[in-house]
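# Overview (structure and organization)
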Amino acid sequence: MMPASQLLAFNLLAAAMLVGSVAGFASSARADTAKLVRYGEHLSQECTTCHRRDGVDNGIPSILGMKSEDFEETLKYYKTGARDNPAMVSVAQSLDDDQIKALGAYFATLVPAGK
Amino acid sequence: MTTFNRRDFGKLVGGAGAGLATASGLSTFAIAQGSAAAKVVVIGGGCGGATVAHFLKKGDPKLDVTLIEANKVYSSSFGSNLYLGGFRKFETLNHGYEGLRAAGIKVVHQYATGVDTAKKVVKTKEGGSYTYDRLVLSPGIAIKYETVPGYTKEISNQFPHAYETSGVGKTQLMKLMEAMPNGGTFAMVMPDNPYRCPPGPYERACMIAHYLKTKKPKSKLVILDPKKAFSKQPVFTEAFNKYYKDIIEMNLTNDIDDFRVSMFDAKAKEITTKSGKKVKFDAANIIPQQRAGDIAKLAGVTDKDWVAINPETFQSTANKDIYVVGDSTVAAEMPKSGFSANSQGKVVVAEILADLSKKEKFPARYRNTCWSLVAPDDCIKVGANYSAKEGKLAPEGSFVSKAGEDAGLRKQNYAEYVGWYDGIITDMFAKTAAAAPKKAAPAPAPAAKKG
């Protein structure tokens, strides 16, 4: 029989595995929109160093309120090099399809100021 | 410690790996469930610290977030070279903390002088005392004056380094340029690695040379560099030759000549290098070696000059209750830059929110991009994303401008540079369109061929 401490650790691990598999944020097929948007919000912090979070374009285009299909399409152009801005190619190539989908879902929920 | 990247994380979510993160979070459960809000103190209100404060409060408004920053006005180092070249007004580099205050962050303009890590209290020069559950340091750099023999803090008032987060040195540099005669010599001493903003001194050289070329064209800019190579070297060299051939004299150390300064004589206005070269100057900008800001050492997290961190979390390896971000850390191969500090700050925020606020935690992502203006409408850039691998931050997807590029591309880079400046300031200081109105543009439609 397991000592109590090991048993506790085992139970915690088992519970955690259950939580982990239910969370499943990385598998887009099962993720609901809210989770997708939440993941997108997290990832978006990388975008907002350059793309202003208030939707103002002062040299770098606003991506707030962009339709998610448009967002995904644009990122895929960068990923394939059909659009060639090296900074954006580097960003797009570091994102997998689920992450691009999450970002598109999140930015679509935002409304630029003054709209 | 287990290392995993983004792709591995997807596999881990459904497996045992996720259990580790959940179980380790239990130790801090009491803090988050207690009656009082968990307290995070951030020291240093620059790219790292302001970002951490902003995103912590945004991520969990219930957190008690205090930002301790001595200066009421943040004067950005990034973009400040453009002021020297006449491409930016000095005032546009200065920013206040009102956006962060409005977001509910307690911004305290005091100077942190010590950390009692056992009692978890930060003390300030003004007599303030701030307890914390988690501490974040973003102290930036301090100058090691003694690394340039003959150069002192006092002399820096006459011949500035202009390399701290302060506007003073930059305005002093401008006055020096304005006061020097047409036909005079401006001497510039470059730092050895590692230092804040690797392309910064070379962008500054271009901007000083541009000023001289347009205002005092008979003058010279003599550069003394202890290094054998530097950031974006092929494109900076191209710019030196293309725009400033009659102005810039570049002395890069090689196997024969060592251009490290052996004596800086402020009275005689003369610099002597290790290999015996002497330069008489009218004006000078001396950029010595650097180290982590004082509070890092006072908090006991420095290893020699810098702070060692765990690249997956930016926790100090000396004290895991203390997170450290930005220029004061050894985050190789991520460069010391404002963009890096902002990116690292967001990773720390995710760590603390998972820890104190039980938020979902996602794998860390790091990025840096850096623009440098070399002449009017000619801007170059460098960048990469980074991930923690074998104790380092390994670059992926790196890019850098190339010599001979199309002028339109370089001009577009400059528009991006200006846009990024506004972007990161908005991001750091929780600015809103109401506070900084320009045009609010609709999101662009996708097109395959645009840049």
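Residues numbered from 1 in each chain as written. Chains lettered and ligands numbered in written order. Predicted model: local features only at pLDDT ≥ 70, side-chain atom pairs only at ≥ 80, totals over all residues.

### Re the overall build of chain A
In terms of regular secondary structure, chain A is built from five helices and zero strands. Along chain A, helices and strands appear, N-terminal first, in the series α-α-α-α-α. Relative to its 115 residues, chain A shows a buried fraction of 43%. Long-range pairs, those at least 24 residues apart, make up 66% of the contacts in chain A between residues at least 6 apart in sequence. (Helix = DSSP H or I, 4+ residues; strand = E, 2+ residues; numbered from the N terminus. Buried ≥ 20, exposed ≤ 12 C-beta atoms within 10 Å, placed from the backbone. Contact = placed C-beta atoms within 7 Å.)

### A closer look at the overall build of chain B
Scanning chain B for helices and strands turns up twelve helices and 25 strands. The 451 residues of chain B split such that 49% are buried. Taking as baseline every contact in chain B between residues at least 6 positions apart, the subset at least 24 positions apart corresponds to 68%.

### Side note on the sheet that holds strand E14 (residues 261–265) of chain B
Pairing between sheet strands relies on hydrogen bonds along the backbone, with the strands arranged either parallel or antiparallel. All names here are of chain B. Ordered in space as E14-E15-E16, the three strands form an open sheet in which the pairing is antiparallel. Single-partner strands in this sheet number two, and they are E14 and strand E16 (278–280). Each strand of the sheet is rotated relative to its neighbour by a mean of 15°, with strand direction disregarded. When strand E15 (residues 270–273) meets E16, the two strands line up antiparallel, connected through three bridges. Across the sheet, the residue bridging to Ile271 is Val279, located in E16. (Pairing = 2+ DSSP bridges. Axes fitted to C-alpha atoms, helices over the stretch in contact; angles between N-to-C directions.)

### Some words on unusual backbone geometry
Residues and elements named next belong to chain B. The omega angle of the peptide bond from Asn193 to Pro194 is -5°, so this bond is cis rather than trans. If you trace the backbone, Pro194 turns up in the loop between strand E11 (185–189) and helix H8 (200–215). Following Ala332, the chain continues to Glu333 via a peptide bond in cis, the omega torsion being 10°. Counting through the fold element by element, Glu333 comes out in the loop between strand E22 (329–330) and helix H11 (338–356). The phi angle at Lys232 is positive, at roughly 50°, despite the residue not being glycine. Here Lys232 falls in the buried class, since 21 other C-beta atoms lie within 10 Å of it. With a phi angle near 60°, Phe314 is a residue other than glycine that sits in the positive phi range.

### Some words on the sheet that holds strand E6 (residues 112–116) of chain B
All names here are of chain B. Taken in spatial order, the three strands make up an open sheet running E6-E7-E8, and their pairing is antiparallel. Lying at the two open borders of the sheet, with one neighbouring strand each, are E6 and strand E8 (129–131). For this sheet, the mean angle separating the axes of adjacent strands, direction not counted, is 20°. Alignment of E6 against strand E7 (residues 121–124), held across four bridges, turns out to be antiparallel. Within the sheet, the bridge partner assigned to Ala112 lies in E7 and is Thr124.

### What about the domain arrangement of chain B?
All names here are of chain B. Annotation of chain B at the domain level lists domain 1 (32–140 + 293–428) and domain 2 (153–288). With centres defined by C-alpha atoms, the gap from domain 1 to domain 2 works out at 28 Å. Taken together, the contact pairs 30 residues of domain 1 with 30 residues of domain 2. Broken down by secondary-structure element, the contributors of at least two residues to the side of domain 1 that touches domain 2 are helix H5 (80–85), strand E23 (366–375) and strand E24 (378–389). With six residues, H5 is the largest single contributor of residues to the side of domain 1 that touches domain 2. (Domains from an automatic or database assignment.)

### Section: the confidence of the model for chain A
Residues and elements named next belong to chain A. Confidence in the prediction of chain A, expressed as mean pLDDT, is 80, and 70% of residues score 70 or more. Confidence over residues 1–20 falls short of pLDDT 50; this stretch has 21 contacts with residues more than four positions distant or in other chains. Across residues 22–26 the pLDDT falls below 50, and counting only partners more than four positions away or on other chains, this stretch makes 15 contacts in the model. (pLDDT = per-residue confidence, 0-100.)

### Brief notes about the pairing of E11(B)
Residues and elements named next belong to chain B. The element E11 is extensively covered by neighbouring structure, given that four of its five residues are classed as buried. When E11 meets strand E12 (residues 220–225), the two strands line up parallel, connected through five bridges. Across the sheet, residue Phe186 finds its bridge partner in E12, namely Leu221. With H8 bridging E11 and its parallel neighbour E12, the resulting β-α-β unit is right-handed. Relative to strand E17 (residues 283–286), E11 runs parallel, the two sharing four bridges. Within E17, the residue paired with Ala187 across the bridge is Ala284. (Right-handed = clockwise from strand over helix to strand, strands pointing away.)

### Observations concerning helix H4 (residues 47–59) of chain B
All names here are of chain B. The end-to-end C-alpha separation of H4 is 18 Å, in line with the 18 Å expected for 13 residues at 1.5 Å each. For H4, a buried count of twelve out of 13 residues is recorded, marking the element as mostly surrounded by other parts of the structure. Looking at the buried side of H4, the elements it contacts are strand E1 (39–43), strand E2 (64–68), helix H6 (98–102), strand E9 (134–137), H11 and helix H12 (407–429). (Expected span 1.5 Å × (residues − 1).)

### Re the pairing of E2(B)
Residue and element names in this part refer to chain B. Two elements, E1 and E2, share five bridges in a ladder whose sense is parallel. Counted as the bridge partner of Ile43 is Ile68 from E2. With H4 bridging E1 and the parallel E2, this β-α-β connection has right-handed handedness. In this sheet, strand E5 (residues 106–108) lies alongside E2 in parallel orientation, the contact comprising three bridges. Within E5, the residue paired with Thr66 across the bridge is Lys106.

### Observations regarding the environment of Gly451(B)
Inspection of the secondary structure assignment puts Gly451(B) in the segment after H12. A sequence separation of 39 residues divides Gly451(B) from Gln412(B), and the C-alpha atoms of the two residues are 8.7 Å apart. Excluding residues that lie within four positions of it along the chain, Gly451(B) makes contacts with Arg83(A), Asp84(A), Asn85(A) and Gln412(B).

### Digging into the packing of helix H2 (residues 33–44) of chain A against helix H5 (residues 97–108) of chain A
All names here are of chain A. Where H2 contacts H5, the axes come no closer than 7 Å and their chain directions differ by 95°. Between H2 and H5, the crossing angle belongs to the class labelled roughly perpendicular. Residues Thr33, Leu36, Val37, Tyr39, Gly40, Glu41, Leu43 and Ser44 of H2 touch H5, and the partners they reach there are Gln99, Lys101, Ala102, Leu103, Ala105, Tyr106 and Phe107. For the contact of H2 with H5, a count of residues per class yields nine nonpolar, four polar and two charged. (Parallel < 35°, antiparallel > 145°, perpendicular 65-115°, else oblique. Nonpolar A, V, L, I, M, F, W, Y, C, P; charged D, E, K, R; others polar.)

### Considerations on H12(B)
Relative to the 33 Å expected for 23 residues at 1.5 Å per residue, H12(B) spans 33 Å between its end C-alpha atoms, a close match to the ideal helical length. Looking at the residues trailing H12(B), positive phi occurs at Ala430(B), about 50°.

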